[in-house]
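Descriptive structure summary
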Amino acid sequence: NHTDKQTVSGEKDMLLNQDRAFLWHHMAPHNDHPAIFTESDNVYLTDIDGNSYIDGMAGLWCVNVGHGRTSIAEAAAKQLNTMPFTPMTNSHKPAIQLAAKLNDWLDGHYRIFFSNSGSDANEVAFKIARQYFTQTGKPKKYKFISRYRAYHGNSMGALGATGQADRKASYEPVAEGFRHAAPPYCYRCPFGKEPDSCSLECASSIEQTIVWEGADTVAGVIVEPVITGGGVITPPESYLQKVQEICQKHDVLLIVDEVICGFGRSGEAFGHKNFGVQPDIVTMAKGITSAYAPLSATAVSNDLYESFKSGGPQSHFRHVNTFGGNPMSCAVALENIDILEREDLVAQAKSTGSYLRAQLESFYQFPSVGDIRTFGLMAGIELVTDKTTKEPAPPEFMQQVLGYCKQHGVMIGKNSDTVPEHNNVLTISPPFIISHEQIDTIVETLREAITRAS
Ligand code: PLP
């Protein structure tokens, strides 16, 4: 036993040294004490020391069916043994079946273009939108409007759409043609309104931006149904419908980024279904495979697709992606979606989300909890130093809370780099299979963490 422990600690030291010498961590290159995870099951991750943690963010809002799904591993192995690869310039059974399945989930008629990541899916959406207008006689329509605080990905176009200043620092200029409007951020309404005086000025600001830019230069508006990574910013109920009306009025495409909200996270099949809109383009990733394999998709309305069939020699979409639509990833997605259906996990996400909301309600008693926003199975808890001034809680406070939780076996997150002084939203987005008892553990650990930090 003693020798076993020595071996483990010897391996750990070696891994740590190699990590420090060779590995470049995402978002944190100088992480001297990374948690090295070795195993996972259900909602738990285990680190190299044998400590167990609740994966309260489902990784990065993505391991929706939970860890340890052997049927997904089997589907992956079966596909690898049958046919590991043929590109999407050809066709294959899992991609065909998955495209049909996504149409069931979307309740619409969409063409599905597969890629690898959420960023890819959004880049594809932008390129398809631009080409659509070019080949239908409106080549000046090339701009996209998104909202401040939104995250749409890391590549130059997707980063262009992203409305978080800190993400872009050091990388500008990003792709040209992206403009931003105000987010539907009721807690800090950019128009100084209260719910009873709100006339959806945030939606109108999108229209104003279209008009000021010149509607004949705008190709699309891209929105997440709920701004997730930017701080779980839930819009007023009729906001998205108004945005859709504005898009229709100005011949602008509505692109809905479902990278996080899709596949049940919002409590419905897709986030936009909560708001009764029918997007022109839907992008998705993460939950499509519950992150068991990389895959993303851009679903494009049939009307748009038709224009790619009828033009001249250049009218096809000149975009290929080696790994996009990888057969194993598609097989994984099919089994993942089958699990969601078999176990009725979308409904479960919704009801567990309501339970989480109810448990969090008492957090309003904390002087540091300014706002609690929930949607489906996700929560954002906005921390402040003063409820009246709403001054955001400082980074040290956030770190103390997150650090305590992690030390006590609960991993939750915070909003991404909007601007440093506004990274004050704690986020919770667990796997859909999480039990009420496991939710209680998250909530009670967090309660203790905020109490101690206050
Ligand atoms: N869109 C949204 C809403 C996201 O949250 C993310 C990633 O977090 C992306 C796009 C980019 O996805 P990926 O990291 O797979 O490129």
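What you are looking at is a predicted structure, and each value in this text was computed from that prediction instead of being measured.

Thresholds applied
- Along every chain, residues carry numbers that run from 1 in the direction the sequence is written.
- Where local features are concerned, this predicted model is filtered to residues with pLDDT of at least 70; where side-chain atom pairs are given and counted, the filter is 80 or more; whole-chain, interface and lining totals use all residues.
- For two strands to be treated as a pair, DSSP must find at least two bridges joining them.
- Under the scheme used here, helices are H or I runs from DSSP no shorter than 4 residues and strands are E runs no shorter than 2 residues, and both carry numbers assigned from the N terminus.
- To assign burial, the other C-beta atoms lying within 10 Å of each residue's own C-beta are counted, with C-beta atoms placed from the backbone; 20 or more indicates buried, 12 or fewer indicates exposed, and intermediate counts indicate partly exposed.
- By convention in this section, buried Ala, Val, Leu, Ile, Met, Phe, Trp, Tyr and Cys residues joined through C-beta atoms within 7 Å make up a nonpolar core.
- An automatic or database domain assignment is the source of the domain bounds shown.
- In this description, any two residues whose backbone-derived C-beta atoms lie within 7 Å of each other are considered to be in contact.
- Only Asp, Glu, Lys and Arg are considered charged in this grouping, and only Ala, Val, Leu, Ile, Met, Phe, Trp, Tyr, Cys and Pro are considered nonpolar; every other residue, Gly among them, is considered polar.
- In this text, near has one meaning. A residue is near a molecule or strand if its C-beta atom, placed using the backbone, is within 6 Å of it.
- Axis definition: a line fit to C-alpha positions, over the contact stretch in the case of helices; interaxial angles, taken between N-to-C directions, run 0 to 180 degrees.
- Working rule for angles: under 35 degrees goes down as roughly parallel, over 145 as roughly antiparallel, 65 to 115 as roughly perpendicular, anything else as oblique.
- Crossing handedness follows the turn of the near helix against the far one: under a right angle anticlockwise gives a left-handed crossing, and clockwise gives a right-handed one.

1. Some words on the sheet that holds strand β1 (residues 37–41)
Taking strand neighbours across the sheet as the criterion, the 4 strands line up as β1-β2-β3-β14 in an open arrangement whose pairing is mixed. Both outer strands of the open sheet, β1 and β14 (410–411), are each paired with one neighbouring strand and no more. Where strand β2 (residues 44–47) lies against strand β3 (residues 52–55), 3 bridges are found, and the strand directions are antiparallel. Residue pairing for β3: Y44 is matched across the bridge by I54.

2. Examining unusual backbone geometry
In this structure, P173 follows E172 across a cis peptide bond, with omega equal to 0°. Along the chain, the position of P173 falls in the loop between α7 (165–168) and β6 (178–181). We note that N42 has phi near 55°; this positive angle belongs to a residue other than glycine. Even without being a glycine, A291 presents a positive backbone phi close to 65°. Structurally, A291 is set in the loop between β9 (281–284) and β10 (296–301). Residue A291 is classed as buried on the basis of its 21 C-beta neighbours within 10 Å.

3. Notes on the nonpolar core
Among the nonpolar cores identified, the biggest contains 118 residues, and A129, V221, V243, I255, I281, A297 and A299 are the most heavily contacted of them. For this core, the two domains that each supply at least three residues are domain 1 (35–65 + 345–453) and domain 2 (70–342). Apart from residues no more than four positions distant in its own chain, A299 is found in contact with L102, L106, Y110, I112, I281 and V282.

4. Remarks on the domain arrangement of the protein chain
For interface size, the figure often reported is the accessible area lost on association. The domain architecture assigned to the protein chain consists of domain 1 (35–65 + 345–453) and domain 2 (70–342). The straight-line distance from the C-alpha centre of domain 1 to that of domain 2 is 26 Å. Facing the 32 residues of domain 1 at the interface are 31 residues of domain 2. When contributions to the side of domain 1 that touches domain 2 are tallied by element, the ones reaching two or more residues are α2 (58–61), α12 (345–360), β11 (369–375), β12 (378–386) and β16 (425–428). No other element matches the 5 residues that α12 contributes to the side of domain 1 that touches domain 2. When grouped by side-chain class, the residues that make up the side of domain 1 that touches domain 2 number 15 nonpolar, 11 polar and 6 charged.

5. Re the site of the ligand
Every one of the 16 residues lining the ligand counts as a neighbour, but S117, G118, S119, G153 and V259 are closest to it. With 3 residues, helix α5 (residues 118–135) is the largest single contributor of residues to the shell around the ligand.

6. Looking at the packing of helix α13 (residues 395–407) against helix α14 (residues 436–453)
Two numbers describe how α13 lies on α14: the axes approach to 9 Å, and their chain directions differ by 140°. Classified by the interaxial angle, the pair formed by α13 and α14 is oblique. In this structure, α13 meets α14 at a crossing whose hand is right-handed. Note on element contacts: α14 touches α13 through T445, L446, A449, I450, R452 and A453, opposite F397, Q400, V401, Y404 and C405. Considered class by class, the residues forming the contact of α13 with α14 number 8 nonpolar, 2 polar and 1 charged.

7. Some thoughts on the environment of L426
Residue placement: L426 occurs in strand β16. Since 27 C-beta atoms lie within 10 Å of it, L426 is described here as buried. With 45 residues separating them along the chain, L426 and I381 place their C-alpha atoms 5.0 Å apart. Each residue touching L426, except ones within four places of it in the same chain, is listed here: I381, L383, V401, I412 and K414.

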